[in-house]
Structure formats: C-alpha cells, structure tokens
Amino acid sequence: MTTTTDLAIQAHDLRCAYGDFEAVRGIDLEIRSGEMFALLGTNGAGKTTTMETLEGHRRASGGSLSVLGHDPYTERPRVRPRLGIMLQESGFAGELTVVETVDMWLALSSSPLGEKHRRADTVAEAMDRLDLADRADTRVVQLSGGQKRRLDLVLATVTRPDLVFLDEPTTGLDPESRRRTWDLIETLRGSGTTIVLTTHYLEEAERLADRIAIMHAGRIAVEGTLAELVDDRPTQISFRRPEGVSSADIDRALRTVIGPRHLETVGRDGLVLDVVDAQQALVRLLGWAESHGHRLDNITVSQASLSDVFAQIAAGEQKQEVAA
Ligand SMILES: Nc1ncnc2c1ncn2[C@@H]1O[C@H](COP(=O)(O)OP(=O)(O)OP(=O)(O)O)[C@@H](O)[C@H]1O
C-alpha cells in the first residue's frame with residue numbers, strides 16, 4: 001500500500017481555469033517518490049497547465065494538491081528549492097559562457113550547494129555528464145539546439161533536486177543526442193529523483209516512464225504502467241493472402257479457425273487480424289495453411305503499443321469534434 005509520505009505529488013480533483021474556461025477539469029494524480037511519470041496528451045489537453053500548477057507557477061482553481069508535502073503555490077518557498085524545472089523554452093543570456101550560466105544559476109538558486117568549491121565541482125561534474133565539458137567556455141548564443149537542450153537539463157538538475165519536471169526534454173534533438181539524454185534521465189532516476197516528464201515522443205514515454213497518464217480535454221483519459229495500458233488491446237497478425245485463395249474463402253476460413261476480433265484487407269492482398277491470444281492464433285493460422293497447402297508470406301506479429309492507445313483517445317476526440 002502506498003502511504004501519503006511515499007508520494008511526491010498528490011492531487012485530487014485538481015482544476016485549473018483561465019477565466020471562465022476550465023483547462024484542467026478535475027484530475028487525480030499520485031506520483032510516488034523516485035518514480036518516473038510521463039504526462040502525455042492530445043493537443044490542448046491541459047498538460048502544460050497541469051505542469052505549471054504542479055510547479056507552483058499557477059494557482060489551482062479547485063481540488064487539492066500537495067507537492068513534496070506542501071501546496072506548491074502558497075508554500076512556494078518551501079517547495080521551490082527542492083524542485084528542478086526544465087522548461088520548453090529557456091531564457092539564457094546568450095552572451096554568457098556555458099560555465100558562467102551554470103555558475104550563475106547555482107548562485108541564484110536557493111539550493112544548499114552554496115559553497116564555492118563544491119559549486120565548482122558540481123558544475124564540472126554536470127557538464128561532463130551532459131557532454132558539455134568541451135563547451136564550457138562557449139557562449140550560449142553559439143550552442144547548437146541540442147547543446148542548448150542539454151544545458152537546460154544541466155540547469156534543471158545541477159542543484160540535485162528531489163523532484164524534476166522535464167517539459168519535452170528531447171524536442172529538436174537528433175536521434176543520437178536523444179538517446180544520450182535518455183541515458184542521463186535514467187541515471188537521474190537511478191539516483192532516486194522523482195521525475196515528471198511531458199513529451200510528444202511516445203517511444204520516449206514507453207522507454208523511460210514507470211507510469212503514464214494520457215490527458216484529453218482537461219481530464220486523464222487513461223493512466224497506468226505501459227503493460228496496463230496496452231494489456232487489453234489486441235495483437236495484430238498480418239500476412240499476404242495466399243495465391244489462389246479468394247478473399248471470401250480466406251475470410252470464412254479465418255473466422256472459423258481463429259475467430260479474430262477484427263479482420264481487415266489492406267491493399268490488394270494484405271490481411272490484418274486483431275487477435276487476443278497471439279500464440280494460439282498463430283498456431284491455428286499456420287496449421288490451417290499447412291493442412292491446405294497454402295504458403296503465407298510477409299507474416300508479422302505486432303503487439304499493441306502506446307501509439308495505439310493514444311490513437312484511440314485522439315480518435316475519440318475527432319468523433320467529439322464531428323458531433324459538436
Ligand atoms: N493563457 C491562456 N488563456 C486561455 N486559455 C488558455 C491559456 N493557456 C492555455 N489555454 C487553453 O487551455 C487548454 C489547455 O492548454 P495547455 O497548453 O495546458 O495544453 P497542452 O496539453 O499543453 O497542449 P499542447 O500539447 O498543444 O501544447 C487549451 O484549450 C488552451 O487553448
């Protein structure tokens with residue numbers, strides 16, 4: 001059982017409004033200490049508003065919220081020193097060098113890492129971790145987009161916060177930089193830091209997050225581990241219709257032998273079956289082909305993914321728009 005003290009963030013019926021418009025419409029969140037939690041959502045779902053409220057930048061318009069045991073808005077001085085925040089857009093002074101920027105950030109932050117010698121060690125270590133050591137004396141204005149993003153991450157984590165908010169940490173990075181950033185985020189989590197992440201890259205959430213919530217229209221549509229989110233979704237088996245077998249014949253045979261949840265023809269002769277038990281369906285499919293002397297080409301089996309879950313939520317959105 002999770003006790004309240006294990007929770008870094010606890011929200012109940014949290015609401016956030018812009019004037020009369022309620023952007024966040026009553027969400028419940030329980031994020032455990034040391035957990036990596038991904039907050040995803042369709043466009044305009046309310047992720048940024050939620051993050052800003054959790055960070056203490058915005059006052060909730062309803063419900064209750066506790067971050068590290070305090071109200072992040074009214075008790076900001078108690079919460080802020082323990083937070084690291086990586087924003088989507090950083091406002092660095094371009095004329096400062098990388099090391100000056102990190103040093104100034106530490107000096108301004110209310111973190112306990114105040115002493116000068118410890119500060120120097122911390123800056124060097126952080127820059128090293130993020131492959132920015134050879135850019136220490138480069139002016140920020142001269143950094144590439146990817147290097148700026150890594151500097152954002154240095155600033156969010158250099159004070160060794162208990163709770164870090166990462167807002168789209170790998171947007172604009174090439175695949176190699178993205179992978180390196182993922183490694184760093186995993187190292188951060190390994191050190192016991194609680195991390196709340198937003199991202200538009202679903203594979204990023206799949207790879208990094210312990211639990212995932214997908215928001216839609218101000219509410220949390222689904223929430224759980226990746227396995228919980230995809231578990232009751234069908235697996236897809238696809239293959240090419242064997243030569244000499246008509247669509248009607250194969251349709252009849254597959255419905256009898258496998259009984260798929262859904263059967264679809266793709267293109268001229270591609271077939272896609274949604275099945276619940278992939279192993280059983282495959283055995284039956286191959287048995288049927290063998291016994292009838294058919295050859296099945298291009299067989300693929302694909303497990304349901306986060307993108308299927310996301311697509312279904314987004315499709316619900318389109319239906320609502322049409323109905324509206
Ligand atoms: N300052 C504001 N004033 C009025 N409405 C706002 C304001 N900021 C955001 N909204 C609205 O609140 C809703 C949620 O916006 P929010 O930026 O939190 O969504 P999001 O999930 O981060 O979206 P996206 O992924 O598209 O960036 C949207 O309908 C948006 O238009």
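Since the structure is predicted, the reported quantities are computational estimates derived from the model, not experimental observations.

1. A word on the overall build of the protein
So, point 1. When you go through the protein residue by residue, the secondary structure sums to 11 helices and 13 strands.
So, point 2. Residues classed as buried in the protein amount to 32% of the 324 residues present.
So, point 3. Within the protein, residue pairs in contact and separated by at least 24 positions form 68% of the contacts whose partners lie at least 6 positions apart.

2. Considerations on the sheet that holds strand S9 (residues 219-224)
So, point 1. Sheet architecture is open: 6 strands sit in the order S5-S6-S7-S3-S8-S9, paired in mixed fashion. The sheet is open, and its two borders are formed by strand S5 (83-86) and S9, each paired with just one other strand. Across the sheet, the mean angle separating the axes of adjacent strands is 15° when strand polarity is ignored.
So, point 2. In this fold helix H1 (residues 47-54) packs onto strand S3 (36-41), strand S6 (163-167), strand S7 (194-198) and strand S8 (211-216), with an angle of close to 145° to the strand it touches most, S3.
So, point 3. Packed onto the sheet, helix H6 (residues 175-190) meets S3, S6 and S7 and runs at close to 145° relative to S7.

3. Observations regarding the domain arrangement of the protein
So, point 1. When cut into domains, the protein gives domain 1 (4-230) and domain 2 (235-303).
So, point 2. Here the C-alpha centre of domain 2 lies 45 Å away from the C-alpha centre of domain 1.

4. A few points about the site of the ligand
So, point 1. Around the ligand, the neighbouring residues are Tyr18, Phe21, Ala23, Gly41, Asn43, Gly44, Ala45, Gly46, Lys47, Thr48 and Thr49.
So, point 2. Every element with two or more residues in the shell around the ligand is listed here: strand S2 (21-32) and H1.
So, point 3. Considered class by class, the residues forming the shell around the ligand number 4 nonpolar, 6 polar and 1 charged.

5. Points about the nonpolar core
So, point 1. Core analysis: the biggest nonpolar cluster contains 59 residues, and Ala38, Leu197 and Ile212 have the highest contact counts within it.
So, point 2. Leave out the neighbours within four places in its chain, and Ile212 touches Ala38, Leu40, Ala205, Leu226, Leu229 and Leu306.
So, point 3. By size, the runner-up hydrophobic cluster in this structure holds 8 residues, among which are Leu271, Val275, Ala281 and Leu285.

6. Topic: the pairing of S2
So, point 1. As judged from the 9 bridges shared by strand S1 (residues 7-18) and S2, these two strands associate in the antiparallel manner. The partner of Cys16 across the bridge, within S2, is Val24.
So, point 2. Once S1 ends, the chain turns through 2 residues before running back antiparallel as S2, passing Gly19 with a positive phi of about 60°.

7. Overview of the environment of Glu22
So, point 1. The residue Glu22 is located in strand S2 in this model.
So, point 2. C-alpha separation for the pair Glu22 and Gly46, spaced 24 residues apart in sequence, amounts to 9.4 Å.
So, point 3. The residues touching Glu22, leaving out its near neighbours within four places in the chain, are Arg15, Ala17 and Gly218.

8. A closer look at the sheet that holds S1
So, point 1. Here we have 3 strands laid out as an open sheet, ordered S2-S1-S4, and antiparallel in their pairing. A strand with exactly one partner marks an edge of an open sheet, and here the two such strands are S2 and strand S4 (62-67). Looking at each pair of strands side by side, their axes are set apart by 20° on average, direction ignored.

Quick notes on the rules
Residues numbered from 1 in each chain as written. Predicted model: local features only at pLDDT ≥ 70, side-chain atom pairs only at ≥ 80, totals over all residues. Helix = DSSP H or I, 4+ residues; strand = E, 2+ residues; numbered from the N terminus. Buried ≥ 20, exposed ≤ 12 C-beta atoms within 10 Å, placed from the backbone. Contact = placed C-beta atoms within 7 Å. Pairing = 2+ DSSP bridges. Axes fitted to C-alpha atoms, helices over the stretch in contact; angles between N-to-C directions. Domains from an automatic or database assignment. Near = placed C-beta within 6 Å. Nonpolar A, V, L, I, M, F, W, Y, C, P; charged D, E, K, R; others polar. Core = buried A, V, L, I, M, F, W, Y, C linked by C-beta atoms within 7 Å.

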